[in-house]
Amino acid sequence: MKRRLFALTTTAAALTLALAGGAAFAQTKWDLPAAYPATNFHSENLVQFAADVDKASAGKLKITVHANGALFKAPEIKRAVQGGQAQAGEILLANFQNEWPLFGVDGLPFLADSYDQSMRLYKAQKPFLEKKLAEQGMALLYSVPWPTQGIFSKKPLDAGADLKGMKWRAYSPSTARIAELVGAQPVTVQAAELSQAMATGVIESYMSSGSTGMDTKTYESLKYFYDTQAWLPKNAVIVNKAAFDALDAPTKQAVLKAAADAEVRGLAASKKTNADSLEKLKANGMNILPPSPQLKADMKKVGDVMLKEWLEKAGPEGKALIDAYNKS
């Protein structure tokens, strides 16, 4: 009887270990590379997204966020997700305009220069974006706009001509083209290297948000910010389709629900960051100024030229997108 009891106990223990092993094996781990510092609101939103997925999936899917270009640099993230080296990733859509013009529509100056207009543009762009990503073996989880973009400068700017010859940070095709049109010298500098580039004089001006200005302590090197509200570029969180399809149905739903929540939360965080960062820049000695009528007019001309050029490259798809935006 004792032998039989021992055998049953041993069998039960073995079964418990097998089940525990099965549960551990069933856990899926994803890497999610991102380009911006851990303290940036986009990165904080990603961490909350990962936590929401973990909780909703009861620990079945663990997502590790790798901020500040630690796993892949900004230009490499899309390819890493597409090739399965990372299961998901956060990209700045405008970085990939040379690959497909519609990725960069939100980087066109003065096309959508407020949060409301930015969301209208996103709704017009989204069907095109989802189709393109699907063709490339990926899917869109969510997208969040950066705060409105202004011009950081080492010296005062009264007109577009004042930018002539200045060393200008280019991080996307659009920002490089702006430099060309105003006669500045474009210098390619990614977010992670921006602080050093300013400190060493590699760049003297750039267009970005107040959020980036705070992340990089721009106020230590450049003293002027012109609040042109030129555009609101979007970050997009993308996922490898095969990795997503491998999840069970409840886990897929957990990811999609967490993504929808992250999009709403991210928009609110962007608006708050926009207001807070400009106040903080001012407190740190930055001159926060509206653009002069001449500077605004000069930059609007740049925007008109870039929209015309973009439509020529984007073809019927681009025209359909802009038409949808204008009718919305």
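Data block above holds the structure.
One structure accompanies this document, and this report is about it. Remember, predicted model here, so these are calculated numbers, not experimental data.

**Brief notes about the overall build of the protein chain**
The helix and strand tally for the protein chain stands at 10 helices and 11 strands. Here the C-alpha coordinates of the protein chain stretch approximately 95 × 45 × 30 Å along the principal axes. Sorting the 328 residues of the protein chain into buried and exposed places 48% on the buried side. Long-range pairs, those at least 24 residues apart, make up 75% of the contacts in the protein chain with a sequence separation of at least 6. Summed over all atoms, the accessible surface of the protein chain reaches about 15,300 Å², with 57% contributed by carbon and sulfur.

**Quick look at helix H4 (residues 115-135)**
Helix length check: H4, at 21 residues, gives a terminal C-alpha distance of 29 Å against a target of 30 Å (1.5 Å per residue), a fit within 8%. The largest bend in H4 is about 40 degrees, located at Gln 125, with the proline Pro 127 one to four residues further on. For H4, the set of buried residues is Tyr 115, Ser 118, Leu 121, Tyr 122, Ala 124, Gln 125, Phe 128, Leu 129, Lys 132 and Leu 133. Among the residues trailing H4, Gly 137 stands out with phi positive, at a value near 80 degrees.

**Looking at the packing of aromatic side chains**
Within the structure shown, the criterion is met by six aromatic pairs. Measuring from centroid to centroid gives 5.9 Å for Phe 41 and Trp 146, while their planes differ by 80 degrees, and the two rings are edge-to-face. One end of the pair, Phe 41, is in helix H2 (residues 41-56); the other, Trp 146, is in the loop between strand E4 (138-145) and strand E5 (150-153), with 105 residues separating them in the sequence. Of the aromatic side chains, those joined through ring pairs into one cluster are Tyr 36, Phe 41 and Trp 146. Stacked on the ring of Phe 96, the Lys or Arg Lys 78 has its end atom at 5.9 Å from the ring centre.

**Quick word on empty space enclosed by the protein**
Counting across every chain of the model gives three cavities of 30 Å³ or more. Estimates place the volume of the largest cavity at around 150 Å³. When its residues are assigned to classes, the lining of the largest cavity shows eight nonpolar, six polar and one charged.

**Focus on the layout of surface pockets**
Each pocket or cavity is described by its volume, and for the largest pocket that value is around 290 Å³. Lining the largest pocket are 15 residues, with Thr 39, Asn 40, Phe 41, Glu 44 and Thr 273 sitting closest to its centre. Mapped by element, the contributors of at least two residues to the lining of the largest pocket are H2, helix H7 (210-215) and helix H9 (249-283). Ranked by residues supplied to the lining of the largest pocket, first place goes to H9 with six residues. For the lining of the largest pocket, the per-class residue count stands at three nonpolar, seven polar and five charged. Approximately 190 Å³ is the volume attributed to the second largest pocket. Lining the second largest pocket we find Gln 97, Asn 98, Pro 101, Leu 108, Pro 173, Ser 174, Arg 177, Met 306, Glu 309, Trp 310 and Lys 313. Breaking the lining of the second largest pocket down by element, the ones donating at least two residues are helix H5 (173-182) and helix H10 (293-327). With four residues, H10 is the largest single contributor of residues to the lining of the second largest pocket. Split by residue class, the lining of the second largest pocket holds five nonpolar, three polar and three charged.

**A few points about the environment of Gly 59**
With respect to the helices and strands, Gly 59 occurs in the loop between H2 and strand E2 (61-66). Overall, Gly 59 belongs to the buried group, its relative accessible area being 15%. A sequence separation of 31 residues divides Gly 59 from Thr 28, and the C-alpha atoms of the two residues are 8.7 Å apart. Sequence-distant contacts of Gly 59, that is, excluding residues within four places in its chain, are made with Gln 27 and Asp 54.

**With respect to the pairing of strand E10 (residues 234-240)**
In terms of residue burial, E10 counts as a mostly covered element, since seven of its seven residues are buried. Of the two faces of E10, the one lined by Lys 234, Ala 236, Ile 238 and Asn 240 and the one lined by Asn 235, Val 237 and Val 239 are each fully buried.

**Regarding the pattern of salt bridges**
Going through the model one piece at a time under the given rule, you end up with 16 salt bridges. The salt bridge partner of Asp 248 is Lys 60, with a shortest N-O separation of 2.4 Å. Taken together, the positions of Asp 248 in the loop between helix H8 (241-245) and H9 and Lys 60 in the loop between H2 and E2 put the pair 188 residues apart, joining distant regions of the chain. Under the relative-accessibility criterion, Lys 60 is labelled partly exposed at 34%. Taking the shortest distance from any N to any O, the salt bridge between Asp 106 and Lys 234 comes out at 2.7 Å. Residue Asp 106 is found in the loop between strand E3 (88-92) and H4, and its partner Lys 234 is found in strand E10; the two are separated by 128 residues along the sequence. Per residue, the accessibility class of Asp 106 equals that of Lys 234, and both read buried.

**Description of the pairing of E5**
Taken together, the four bridges between E5 and strand E8 (residues 205-208) define a ladder with antiparallel strand orientation. Bridging from a neighbouring strand, Phe 152 pairs with Tyr 206 of E8. Pairing of E5 with strand E9 (residues 224-226) involves three bridges; the strand directions are antiparallel. Following the sheet pairing, Phe 152 is matched in E9 by Phe 225.

About the thresholds
Residues numbered from 1 in each chain as written. Predicted model: local features only at pLDDT ≥ 70, side-chain atom pairs only at ≥ 80, totals over all residues. Heavy atoms only, no water. Helix = DSSP H or I, 4+ residues; strand = E, 2+ residues; numbered from the N terminus. Buried < 20%, exposed > 50% of the residue type's maximum accessible area, 1.4 Å probe, protein only. Contact = heavy atoms within 4.5 Å. Areas by Shrake-Rupley, 256 points an atom, 1.4 Å probe, with all protein chains shown as cover. Expected span 1.5 Å × (residues − 1). Bend = angle between axes of the 7 residues up to and from the residue. Phe/Tyr/Trp six-rings, centres within 6.5 Å; stacked < 30°, edge-to-face > 60°. Lys NZ or Arg CZ within 6 Å of the ring centre and 35° of its normal. 1 Å grid on protein atoms, 1.4 Å probe; cavity = no way out; pocket = protein on both sides within 12 Å on 5 of 7 lines; lining within 4 Å. Points joined across faces, edges and corners; volume = space filled by probe spheres on them. Nonpolar A, V, L, I, M, F, W, Y, C, P; charged D, E, K, R; others polar. Salt bridge = Lys/Arg side-chain N within 4 Å of Asp/Glu carboxyl O. Pairing = 2+ DSSP bridges.

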